[in-house]
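In case you want the letters, here they are:
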Amino acid sequence: MISRRDFLKLVVKGAVLGNFSQLITPPLAKAVAAGEIHKLPVVMIETGTCTGDSISLDNIWTPTFSDILTNILDWRYDWIMNQVQGQEAYGILQETYEKMPQEYILIVQGSMIQRDNGHYNHVGYENGKLITGIELVRRIGLKAKYVVAIGSCATYGGPVAGYPNPTQSTGVQDILPERRVINVSGCPAHPDWIMGTLLHLALYGEPELEKFGRPKLFYGETVHNRCPRRSFYDQGIFATAIGQKECLFRVGCKGPVTYSDCPIRRWNDRFNWPIGCNTPCIGCTEPGYPDLMSPFTSHLPDIPFPGGTKVNTDSIGLGVLGLTSVAITGHVVTSLYKGRIQKNLLKTSSKTNHRPALKKAQGFHKYWLKKTNKV
Amino acid sequence: MKHSVKLRKPLLKQIKADNLKGSIIQSQPLWVRIFHWGFAISLVVIISTGLQLHKPAHFLALNFSKVLVAHIVFSWFALGFLALRFTDALIRKDDSLIPKIRDLKHFPKLMAYYFYLRSSPPPARKYNSGQLLIYFSWFLVFLLASFLGLASYWQGEHLIWVWRLVGGFQMIRWIKFMISIYFLATIPVHIYLSLTEDISRLQAMVTGYERRPPKKN
């Protein structure tokens, strides 16, 4: 079996060449044939989601998704991939939970909907009772070997938790504080990020995680640091509108605050990526997306006010500065009118109480002070 | 016709001593003045480069890596000047910049003065309550901004708890922007009042000495 060091090298090499899955397949096939890999059972629960991450995962080109399911992972329960339905499918989930504790990987896709005890998100039917997403994720998650949240919604709440968040949605880590959740964020998550994390779990256990619980091998650097247009930024050459070829920083690119390897890995089998088609990065892998990243064409987020109004941060800044200017101008005019400025300046700048009077003494160029009544 | 008369030094000294309004005292020691002007210059560079990094002006084709370097270098300078001031305050046991309850009690009267409801400001220690609030808040927000700057400089390698507490890079950037707006809103007020309230105080920030009015009996 390939070493972890070689695996990490393949991750980077695969990102650069765009064939991570092709590179990883031969050594994996050997390891599977030699019986060195114990196929990890995987169950996926979808909660408040658009299923975009499943669609993204299906977008692996070589090896196909079915190759991975057959050889490396034991994909047991997934709404999109299930060959059966109803109680028969749900029974597989229950069987995994009961018979394989601390063996299976739980993948969660979608945000945790908490409002009204989660009853806006039913994901199962058990003994005549509807099971909520948070209930099922907690139950299955507590017995899982690893818990992996994929996509922005499952990791940090994502668009479902966007302002004003009527469903009180949040990420998986918040409802499973006892467990370390491995976050594979993105809207959607890149298929290599999902599969790479699963392969690392299958081969070497938990990968090294960064500050927000994401695998460092995919989220260790900002988009900005690896951006092919970084030289434009360094030289101060900026696009003034979306669609131009220069650095898109001025039109709201969130590359400087977004951690992912999109610039080298790119999307759709390395065909292209947002900045490659002249649109700014929208920061979909970061906590707080989309609220903190929108409007996508502006650097700083809009600030919500009571009543649903949102005001852009730049406008607030300009408003505060304008108000200060008006206040100071008004104060200057009033102070001049009332004579306060003149009075203060005279009071604090005159050095003496009275002009000294001198009298010429007898003799050449000699003066004495005249005795005067001091004020 | 006006004649200029060159007076003997003893006579000049006598004239000054006899006629000087109030007394001249040292109010701003050397380290305070060094801190003030050093911090002011650093802050101007930090804020202007920060705004340039935030929203590049299209008429300025600046080298951004150099702008970032200037931003970081002057932040360290400003922190150094702040450390000087702090050390100086400790050595001299100077608490003139720390607001106390009795200072804050005068704040409504001070506001009444600024809004022309009183003819003179209320009595104060070295600095009035408004100055104390603004100066002290500047220290706090500058330290906060520097701390967040350090967290973003290390890119999450260190101070991870700060990232988690704040909620990510975008929030760090937002807070730093709001702090710069706070500085930009309050610095003009400071300059305006320094120029129009007591010009002798401003002089003291250059020479170290200011003239105190004679005490009323």
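Our structure is the block above this text.
In this report, we go over the structure that sits alongside the text.

What counts, and at which threshold
Residues numbered from 1 in each chain as written. Chains lettered and ligands numbered in written order. Predicted model: local features only at pLDDT ≥ 70, side-chain atom pairs only at ≥ 80, totals over all residues. Heavy atoms only, no water. Helix = DSSP H or I, 4+ residues; strand = E, 2+ residues; numbered from the N terminus. Rg over C-alpha atoms; globule rule 2.2 N^0.38 Å. Buried < 20%, exposed > 50% of the residue type's maximum accessible area, 1.4 Å probe, protein only. Contact = heavy atoms within 4.5 Å. Areas by Shrake-Rupley, 256 points an atom, 1.4 Å probe, with all protein chains shown as cover. Lys, Arg positive; Asp, Glu negative; His and termini not counted. Charge placed at Lys NZ, Arg CZ, Asp CG, Glu CD. Buried area = accessible area lost by both parts, 1.4 Å probe. Salt bridge = Lys/Arg side-chain N within 4 Å of Asp/Glu carboxyl O. Polar contact = N/O pair within 3.5 Å; in protein donor to acceptor, adjacent residues only side chain to side chain. Nonpolar A, V, L, I, M, F, W, Y, C, P; charged D, E, K, R; others polar. Pairing = 2+ DSSP bridges.

1. Some points on the overall build of chain A
Point 1. Scanning chain A for helices and strands turns up 16 helices and 13 strands.
Point 2. For 375 residues, the compact-globule estimate of 2.2 N^0.38 gives 21 Å, and chain A exceeds it by more than 25% at 33 Å.
Point 3. Its C-alpha atoms give chain A principal-axis dimensions of about 125 × 50 × 35 Å.
Point 4. Across the 375 residues of chain A, 50% fall into the buried class.
Point 5. Summarising the internal contacts of chain A: among those between residues at least 6 apart in sequence, 67% fall at separations of at least 24.
Point 6. Of the accessible surface of chain A, which amounts to about 17,700 Å², a share of 56% is contributed by carbon and sulfur atoms.
Point 7. Where the 41 positive side-chain charges of chain A centre and where its 30 negative ones centre are 26 Å apart.

2. Structural notes on the interface of chain A and chain B
Point 1. Facing the 56 residues of chain A at the interface are 53 residues of chain B.
Point 2. Between chain A and chain B lies a buried interface of about 5,000 Å² when both sides are counted; carbon and sulfur atoms form 60% of it.
Point 3. Contact with chain B buries surface across chain A, with K211, R340 and T348 of chain A losing the most and accounting together for 13% of the total.
Point 4. Along the contact surface separating chain A from chain B lie one salt bridge.
Point 5. Among the salt bridges present, the one from K55 of chain B reaches D314 of chain A, with a minimum N-O distance of 3.5 Å.
Point 6. Summed over the shared surface of chain A and chain B, the result is 20 residue pairs in polar contact (both at pLDDT 80 or more).
Point 7. Of all elements in the fold, only α13 (230–235), α15 (313–338), α16 (340–349) and β13 (367–369) of chain A reach the threshold of two or more residues within the side of chain A that touches chain B.
Point 8. Here the side of chain A that touches chain B gets 13 residues from one element, more than from any other, and that element is α15 of chain A.
Point 9. Considering only residue class, the side of chain A that touches chain B consists of 25 nonpolar, 18 polar and 13 charged.

3. As for the pairing of strand β9 (residues 181–184) of chain A
All names here are of chain A.
Point 1. Burial along β9 is two-sided: V181 and N183 and I182 and V184, pointing in opposite directions, are all buried.
Point 2. Inspection of the sheet shows strand β7 (residues 146–150) paired to β9 by four bridges, in the parallel sense. When the sheet's bridge partners are listed, V147 is paired in β9 with V181.

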